[in-house]
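The chain contents come next:
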Amino acid sequence: MYTPSDHDFMTMALAEAKKSMFVSNPNPRVGCVIVKNNEILGVGHTQVVGSDHAEINALKDAKAKGKDVTGATVYVTLEPCCHHGRTPPCTDSLIAAKVSTVIAAMTDPNPLVAGQGLETLRASGIEVRYGLLEKEAMELNLGFIKRMTRKKPWVRMKIAASLDGKTALHNGVSQWITSAEARHDGHLWRARACCILTGIGTVKEDDPQLNVRDVHPKDISVRQPMRILIDSFLEVPLNAKILDETIGGHTMVVCGQVDDAHFSKMETALKAKNVTLIKMADTSNSKGKVDLSALFTYLAEKCHVNEVHVEAGFKLNGSLLRENCVDELLIYMAPKLLGDAQGMANLPALTSLDGVDAWDMIDHQTIGHDLRLRLIKK
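The name recorded for the protein in an unreviewed UniProt entry is Riboflavin biosynthesis protein RibD, from Polynucleobacter cosmopolitanus. Recorded in UniProt for the protein, the comment headed Function (unreviewed entry) runs: "Converts 2,5-diamino-6-(ribosylamino)-4(3h)-pyrimidinone 5'-phosphate into 5-amino-6-(ribosylamino)-2,4(1h,3h)-pyrimidinedione 5'-phosphate."

Colleague: I keep staring at the pairing of strand β4 (residues 101-104) and nothing clicks. Help me out?
Modeller: On any regular strand, side chains alternate: one points to one face of the sheet, the next to the other face. Burial along β4 is two-sided: the residues T101 and I103 and V102 and A104 are all buried. Sheet topology note: the strand β3 (residues 73-76)/β4 ladder contains four bridges and is parallel. Note that in β4 the partner of Y75 across the bridge is I103. Across four bridges, β4 lies against strand β5 (residues 127-130) in parallel orientation. When the bridges of β5 are listed, V102 appears paired with V128. With helix α4 (residues 116-123) bridging β4 and the parallel β5, this β-α-β connection has right-handed handedness.

Colleague: Would you explain the UniProt feature "binding site: Zn(2+)" (unreviewed entry) in the protein in this entry?
Modeller: Feature annotation in UniProt places "binding site: Zn(2+)" (unreviewed entry) on H53, C81 and C90, given in this structure's numbering. Maximum C-alpha separation among the annotated residues is 9.1 Å over a sequence range of 38 residues, consistent with a single clustered spot. Residue position: H53 is located in the loop between β2 (39-45) and α2 (54-64). Accessibility expressed as a relative area gives 19% for H53, which makes it buried. For H53, the contacting residues outside a window of four places in its chain are N27, H45, T46, C81, T87 and C90.

Colleague: Is there a simple way to explain helix α9 (residues 260-271) in this structure?
Modeller: Residues that lie three or four places apart on an α-helix share one face, since the helix turns once every 3.6 residues. Helix length check: α9, at twelve residues, gives a terminal C-alpha distance of 16 Å against a target of 16 Å (1.5 Å per residue), a fit within 8%. Taken residue by residue, α9 has F263, M266 and L270 as its buried positions. Burial along α9 is one-sided: seen end-on, the buried residues are contained in an arc of 75°. For α9, the exposed residues set more than 90 degrees away from the buried face come down to D260, A261, K265, T268 and K271. In this fold, the buried residues of α9 make contact with β9 (251-255) and β10 (276-279).

Colleague: Please clarify how the nonpolar core should be interpreted in this entry.
Modeller: Nonpolar side chains in soluble globular proteins tend to end up buried together. M10, I34, V69, V74, V99 and V102 are the most contacted members of the largest nonpolar core, which has 44 residues in total. For this core, the secondary structure elements donating two or more residues are α1 (4-18), β1 (31-36), α2, β3, β4, α4 and α5 (134-140). Ranked by residue count, the leading element in this core is α1, at five residues. Counting residues domain by domain, this core receives three or more from each of domain 1 (4-144) and domain 2 (151-377). The next biggest cluster of nonpolar side chains, apart from the first, holds 35 residues, and it includes M157, C195, I228 and V308.

Colleague: Even after reading the chapter, I still don't get unusual backbone geometry, so can you show me in this structure?
Modeller: A negative phi angle is the norm for most residues apart from glycine, just as the trans form is the norm for most peptide bonds. Of note, the bond from N25 into P26 is cis; its omega dihedral lies within 30 degrees of zero at 5°. Counting through the fold element by element, P26 comes out in the loop between α1 and β1. If you check the backbone angles, N37 has positive phi at about 55° while not being a glycine. Considering the arrangement of structural elements, one finds N37 in the loop between β1 and β2. A positive phi is found at K98, a non-glycine position, where the angle reads about 60°. Residue placement: K98 occurs in the loop between α3 (90-96) and β4.

Colleague: Is there a simple way to explain the pattern of salt bridges in this structure?
Modeller: Any two side chains of opposite charge can pair, on the condition that their charged atoms come close. For the coordinates displayed, the defined rule picks out 20 salt bridges. The salt bridge partner of E127 is R129, with a shortest N-O separation of 3.4 Å. Of the charged contacts in the structure, one is a salt bridge between R156 and E307, with a shortest N-O distance of 2.9 Å. Pair noted here: R156 is in strand β6 (residues 154-162) and E307 is in strand β11 (residues 307-310), with a separation of 151 residues, a long-range link.

Colleague: Would you mind going over the domain arrangement of the protein with me for this structure?
Modeller: Interface size is often expressed as the accessible area that is lost when the parts come together. Domain boundaries in the protein define domain 1 (4-144) and domain 2 (151-377). The C-alpha-based centres of domain 1 and domain 2 are spaced at 34 Å. On the domain 2 side, the residues contacting the twelve residues of domain 1 number 16 residues. Here domain 1 is connected to domain 2 by two salt bridges. Of the charged contacts, one joins R374 and E139 as a salt bridge, the two residues approaching to 3.0 Å between their closest N and O atoms. Where domain 1 meets domain 2, there are five residue pairs in polar contact (both at pLDDT 80 or more). The set of elements that each furnish at least two residues to the side of domain 1 that touches domain 2 consists of α5 and α6 (142-150). Top contributing element to the side of domain 1 that touches domain 2 by residue count: α6, with three residues.

Analysis parameters
Residues numbered from 1 in each chain as written. Predicted model: local features only at pLDDT ≥ 70, side-chain atom pairs only at ≥ 80, totals over all residues. Heavy atoms only, no water. UniProt positions renumbered as here; feature names shortened; annotations may be inferred. Buried < 20%, exposed > 50% of the residue type's maximum accessible area, 1.4 Å probe, protein only. Helix = DSSP H or I, 4+ residues; strand = E, 2+ residues; numbered from the N terminus. Pairing = 2+ DSSP bridges. Right-handed = clockwise from strand over helix to strand, strands pointing away. Contact = heavy atoms within 4.5 Å. Expected span 1.5 Å × (residues − 1). Arc of directions from axis to C-beta. Core = buried A, V, L, I, M, F, W, Y, C linked by side-chain atoms within 4.5 Å. Domains from an automatic or database assignment. Salt bridge = Lys/Arg side-chain N within 4 Å of Asp/Glu carboxyl O. Polar contact = N/O pair within 3.5 Å; in protein donor to acceptor, adjacent residues only side chain to side chain.

Quick look at the structure:
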């Protein structure tokens, strides 16, 4: 059904889509290549929210080069939109441009599109095909797909550990187990996320900024992900770096069941710092902790969060894993042995391997002197 040239042009479209990695959230990362007689007429990728989508940028690129796209083939990594949102439908522009064929890597999981974009093009006489390099296109938009289909974000847990699976000494010291190269790579994963989530234990121990810093300007725009602090009992010091709006991005503090007087006091203090405070207590838990599952639903539906990047400690990692909130593990393992120290997550002891928490390895790569592992839940 597809020629080697089709694969080559869609591969180029995927490369364009990757240029949207740090800028398009919460929109999907989409790339587009317009071709006629094996000549590339225009290329484009989705820009910041409210700006042009990939198809429009590719059409504009072709026009700027003086190219006529009549009868051209459009390779796009996601089905063109057919509804009015912040921008007009891309299908209208493709129809008006009189292209002859549209090949999409995947259909759009957004219920407002969901095949209707392709059907609109087909009804106008444009030849439509889809499914070329679909897996690669889906990999770029795991969070967007999950938000659209399951009303939850994709949760990626980053862990830096020793060879024996330790993340910190018992006195809390953890800087630095992994190399500078691994930390740089970790910041790139931060940058692609919509928000970075941590717990009060990490804030008390390390006082992190949790913003994107360790990247070359060519790698990323100035966009900073939102920061989410899980603080069940509102213990965060008001001088904590994570609350400082001057480091970029917005901070949201999420608490559990705290008394009204303390909540009101902290709400006033945090509001003065432009920090959002929400209460999301787990009513099924007498300990008054945060309802993590409800939080992720809130982030998807109210904040349009596609990907959550978790950098937390032993306790919160354990809670997220026990409650099946984690989709992917991003583990950096340093060639070091720490011995008796804190592990990756506070998980209960097993009496049988039948109850083991199993994951599939999807990628492994050497980063500096460290080994980076990516795993998804079986």
